Amino acid sequence: MEYILDTANIADIKHCNEFYPLTGVTTNPSIIAKEKRDFWAIIKDIRDIIGPDKILFAQTVQKTADKIVEEAKLLNEKSGGNFGVKIPIDEEGLKATMALNKLGIKVLMTAIFTPAQALIAAKAGADYVAPYVNRLDNIIGDGTEVVAEIVEQFAIHGMTCKVLAASFKNAEQVHRCAAAGCQCVTVSADILKAVISHPMTDAAIAGFDKDWKGVYADKTILDF
Ligand code: G3P
């Protein structure tokens, strides 16, 4: 299971890269635009934090296959390490994916809402597909069920493409996707925190502290 951070916010990336077992960072045009800064400065700052080995995803803003490939090559060259280009699924995106696959540039086909879209993206050579869980839930779909169907279809058809589930609003959605066997989730800093949080955990920690301090006061193991 890979945990990826879905943000271009430098403070969040610094924090989560230090405290969580992240394998990379995903961005998209909306996420980048939120920062209101120079695009390449954002990419450089993210790379400086995560280092060359963790994967950084940035999305093309081009609309034709040729231009998508051109932009992907530039992004790959300038991203300073392990990189994947995000391409929304449509005909031009599929054509670009087939070309980029031949060039050895990793593709994450994004804005996936059905298992059928995911399967054809994988067939075109996408290394990852990103189904949008919460956006499906918002329209009375079942995002985690779609993720489960994609995982199952990839297994049936022997696809090596990874399922990178995206668009989360709570820890339960993350848990259901993991249980369905998706290989990666991309989440915000808030969702990562929600994943590790539980009121019973807080109560357990408070109990340990109270019992220890009742006998040893402020002494720690280091003081014995
Ligand atoms: O990057 C794609 C995905 O993570 C979008 O999430 O929260 O905008 O639905 P959201």
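Rules of the game
- Residues numbered from 1 in each chain as written.
- Predicted model: local features only at pLDDT ≥ 70, side-chain atom pairs only at ≥ 80, totals over all residues.
- Heavy atoms only, no water.
- Core = buried A, V, L, I, M, F, W, Y, C linked by side-chain atoms within 4.5 Å.
- Buried < 20%, exposed > 50% of the residue type's maximum accessible area, 1.4 Å probe, protein only.
- Contact = heavy atoms within 4.5 Å.
- Salt bridge = Lys/Arg side-chain N within 4 Å of Asp/Glu carboxyl O.
- Helix = DSSP H or I, 4+ residues; strand = E, 2+ residues; numbered from the N terminus.
- Polar contact = N/O pair within 3.5 Å; in protein donor to acceptor, adjacent residues only side chain to side chain.

(A) Spotlight on the nonpolar core. With 59 residues, the main nonpolar core has I46, V85, M109, V129, F154 and F168 as its most contacted residues. The residues touching F168, leaving out its near neighbours within four places in the chain, are V133, N134, Q173, V174, C177, V185, T186, V187 and I191. Grouped together as the second largest cluster of nonpolar side chains are 10 residues, I4, F57, L108 and Y132 included.

(B) Examining the pattern of salt bridges more closely. Within this structure, the stated rule accounts for 5 salt bridges. Linking K67 and E70 is a salt bridge whose minimum nitrogen-to-oxygen distance equals 3.3 Å. Remark: E70 and K67 occur in helix α4 (residues 65-78); sequence separation between them is 3 residues, near one turn of the helix. On the basis of relative accessibility, which here comes to 39%, the residue K67 falls in the partly exposed class. Exposure remark for E70: the relative accessible area of 48% places this residue in the partly exposed category.

(C) Structural detail: the environment of E2. Considering the arrangement of structural elements, one finds E2 in strand β1 (residues 2-6). Looking at E2, the relative accessible area reads 16%, which means it is buried. Apart from residues lying up to four places away in sequence, E2 is in contact with T23, K162, Q183, C184 and V185. There is a polar contact of 3.0 Å between the side chain of E2 and the side chain of T23. Of the polar contacts made by the side chain of E2, one reaches the side chain of K162; its length is 2.7 Å.

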